[in-house]
Amino acid sequence: VQVHQELQTVQDRFNLRWLEFHLEGVLNPPGRVPTKTVGRIDFKVKLRQHHGYPNAYFGVEGKRVSPGDTALARYYMQAGVGKFAAGTYSDGHPEAVLLGYLLAPPVTAVLDDIRRRLARLHGAAATLRPWGPRYRDAQVVEGMVPRVRGGPIRLLHAIVRMHA
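It should be emphasised that the depicted structure is a prediction, and the values quoted were computed from it without experimental measurement. (Residues numbered from 1 in each chain as written. Predicted model: local features only at pLDDT ≥ 70, side-chain atom pairs only at ≥ 80, totals over all residues. Heavy atoms only, no water.)

Draft legend 1. Quick look at the nonpolar core. Core analysis: the biggest nonpolar cluster contains 23 residues, and Y76, V81, F84, I114, L118, L155 and I159 have the highest contact counts within it. Broken down by secondary-structure element, the contributors of at least two residues to this core are α2 (70-86), β4 (95-102), α3 (107-122), β6 (138-145) and β7 (153-161). Here V81 is in contact with Y76, L98, L118, H122, V145, L155 and H157, once residues within four sequence places are set aside. Residues L99, Y101, L156 and A158 belong to the second largest nonpolar core, which totals 12 residues. (Core = buried A, V, L, I, M, F, W, Y, C linked by side-chain atoms within 4.5 Å. Buried < 20%, exposed > 50% of the residue type's maximum accessible area, 1.4 Å probe, protein only. Helix = DSSP H or I, 4+ residues; strand = E, 2+ residues; numbered from the N terminus. Contact = heavy atoms within 4.5 Å.)

What follows is the structure in structure tokens.
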């Protein structure tokens, strides 16, 4: 909720009226049992041209990460990367963002662990490369993740500092 509030603050500050942030988007595609929710992605980012199209969005999911915490790392891979690879999140979309909320330094240890885990699961197809400039409180890398059906998804891993 705090991240959503900050996004709204940035949206207001820069008068970004053509951009919408939808908190916890329910993913329930047509043809499914109405009472069965397929998944809930943290944010659906919609541009002006996406209005009126429920499946047109830019998906953003967030997971906590911390150096040496194997439980959080497994969860990042299974409930984060795994849901994009399975098509639960951003099915049919060419790209998405997986936020890693960094609970403790160093970010390099977390990124190295993500690289190892991606290579083990997806081989060279998931090699991570730097994306854009280094930000003060975030480091962003990108890589392609194969999906169960359809083409791969370009996944941006944005590791954001959440510690003091």
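Draft legend 2. The arrangement of the layout of surface pockets in detail. Counted as a void, the largest pocket has a volume near 800 Å³. Lining the largest pocket are 23 residues; nearest its centre among them are L7, L99, A138, A158 and V160. If you list the elements that add at least two residues to the lining of the largest pocket, you get α1 (2-13), β2 (39-47), β3 (58-65), β4, β6 and β7. By residue number, the principal contributor to the lining of the largest pocket is α1, which donates 6 residues. Residue composition of the lining of the largest pocket, grouped by class: 19 nonpolar, 1 polar and 3 charged. (1 Å grid on protein atoms, 1.4 Å probe; cavity = no way out; pocket = protein on both sides within 12 Å on 5 of 7 lines; lining within 4 Å. Points joined across faces, edges and corners; volume = space filled by probe spheres on them. Nonpolar A, V, L, I, M, F, W, Y, C, P; charged D, E, K, R; others polar.)

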